[in-house]
Amino acid sequence: MWNKARIMRTAERTLKRTELYREKCAGSSDPENNFQLDYVLVKGAKSIPDMAVAYAHYLDEIIAFDPFKDGASPKYVLDWAFNLDDDLFMYLEQGYELAGMSLEAHCAVWSEIAEIHGQGGIDHTKGMQQYLNYCKRNGVTLELLRREYQYDGMNVMTLYDKSAIREKTPKSQER
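S.K.: Please explain the side chain of Asp 87 as it appears in this structure.
M.R.: Following the sequence through the fold, Asp 87 ends up in helix 3 (residues 84–93). One buried charged side chain, Asp 87, makes no salt bridge at all; its nearest oppositely charged neighbour is Lys 75, positioned 6.0 Å away. Within the structure, Asp 87 has its side chain in polar contact with the side chain of Tyr 55 (distance 3.0 Å). When residues no more than four places from it in sequence are discounted, the contact partners of Asp 87 are Tyr 39, Leu 41, Tyr 55, Ala 81 and Phe 82.

Written as structure tokens, this is what we have:
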């Protein structure tokens, strides 16, 4: 199985090699004033994933790119068109796995789930359950988000349904 930490490092290096990232570096000496890696989704082979997509943001700019295709141009994702249902949960339903996610991105995901869960706004509920399973397995908790990012929203782990994961997820993804 591929090493998730290595995938995240590769994605970070690929991000820093993009023209967009280098352009922002030219205008600032502060690395925080640039694109930040949010999360990486992978699917496929044992050593290196067959397919991957990474998302990064800078202010209201969002880009998606393949972290294993050095030199490939990232595509802009319009911030108003970005939604976690299609840009995260749908991928999870299609067999991708979350290789990693920043705590800042977790805060955004938790906030969006809290905002729209009761309104029927999540079409890819299986993908949301897989995301919550990832949180459970990786220690992403309300306390952690409160401590590190002053998250003050709903504890979305109350929506986690372990049985939904068992019923719908192939054994290979149940780690």
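S.K.: Would you explain helix 3 in this entry?
M.R.: Count 3.6 residues to each turn of an α-helix, and residues three or four apart come out pointing the same way. Buried residues dominate helix 3, accounting for seven of its 10 residues. Between the side-chain oxygen of the N-cap and the backbone nitrogen of Asp 85 there are 3.0 Å, and the N-cap of helix 3 in question is Asn 83. Phi turns positive one or two residues past the end of helix 3, at Gly 95, with a value near 95°.

S.K.: What should I look at first to understand the packing of aromatic side chains in this one?
M.R.: Each aromatic ring pair is described using two quantities: the centre-to-centre distance and the angle formed by the ring planes. Using the criterion set out here, one finds six aromatic pairs in the structure. When the ring of Tyr 39 is compared with that of Tyr 55, the centres are 5.0 Å apart and the planes differ by 25°; the resulting orientation is stacked. On the criterion of sequence distance, the pair formed by Tyr 39 in strand 1 (residues 36–43) and Tyr 55 in strand 2 (residues 51–58) is long-range, its members being 16 residues apart. You'll find Tyr 39 and Tyr 55 in the same group, each marked buried. Taken together, a centroid distance of 5.0 Å and an interplanar angle of 85° make the contact between Tyr 91 and Tyr 96 edge-to-face. For the pair formed by Tyr 91 and Tyr 96, the shared burial category is buried. Among the aromatic residues, those joined into a cluster by ring pairs are Tyr 39, Tyr 55 and Phe 82.

S.K.: Explanation requested: the side chain of Thr 10 in the structure shown.
M.R.: Considering the arrangement of structural elements, one finds Thr 10 in helix 1 (residues 4–17). Other than its neighbours up to four places away in sequence, Thr 10 contacts Pro 67 and Phe 68.

S.K.: Hey, could you run me through the nonpolar core in this one?
M.R.: In globular proteins that are soluble, nonpolar side chains generally tend to be buried together. Within the largest apolar cluster, 36 residues are counted, with the highest numbers of intra-cluster contacts made by Leu 88, Phe 89, Trp 110 and Tyr 131. Sorting the residues of this core by element identifies strand 1, strand 2, strand 3 (61–65), helix 3, strand 5 (97–101), helix 4 (103–116), helix 5 (125–138) and helix 6 (142–149) as the ones contributing at least two each. Ranked by residue count, the leading element in this core is helix 4, at six residues. Apart from residues no more than four positions distant in its own chain, Leu 88 is found in contact with Tyr 39, Leu 41, Asn 83, Leu 98, Met 101, Val 109 and Tyr 131. By size, the runner-up hydrophobic cluster in this structure holds 17 residues, among which are Ala 56, Tyr 58, Phe 65 and Ala 99.

S.K.: Help me understand helix 6, please; the structure alone is not making it clear to me.
M.R.: Looking at helix 6, one finds that the buried residues are Leu 142, Leu 144 and Leu 145. What you see down the axis of helix 6 is that its buried residues fit within an arc of 165°, all on one side. Projecting away from the buried face of helix 6 at angles above 90 degrees are the exposed residues Glu 143 and Arg 147. The inward-facing, buried residues of helix 6 contact helix 4. Positive phi appears at Gln 150, one or two residues downstream of helix 6, with a value of about 55°.

Thresholds applied
Residues numbered from 1 in each chain as written. Predicted model: local features only at pLDDT ≥ 70, side-chain atom pairs only at ≥ 80, totals over all residues. Heavy atoms only, no water. Helix = DSSP H or I, 4+ residues; strand = E, 2+ residues; numbered from the N terminus. Buried < 20%, exposed > 50% of the residue type's maximum accessible area, 1.4 Å probe, protein only. Lys, Arg positive; Asp, Glu negative; His and termini not counted. Salt bridge = Lys/Arg side-chain N within 4 Å of Asp/Glu carboxyl O. Polar contact = N/O pair within 3.5 Å; in protein donor to acceptor, adjacent residues only side chain to side chain. Contact = heavy atoms within 4.5 Å. Phe/Tyr/Trp six-rings, centres within 6.5 Å; stacked < 30°, edge-to-face > 60°. Core = buried A, V, L, I, M, F, W, Y, C linked by side-chain atoms within 4.5 Å. Arc of directions from axis to C-beta.

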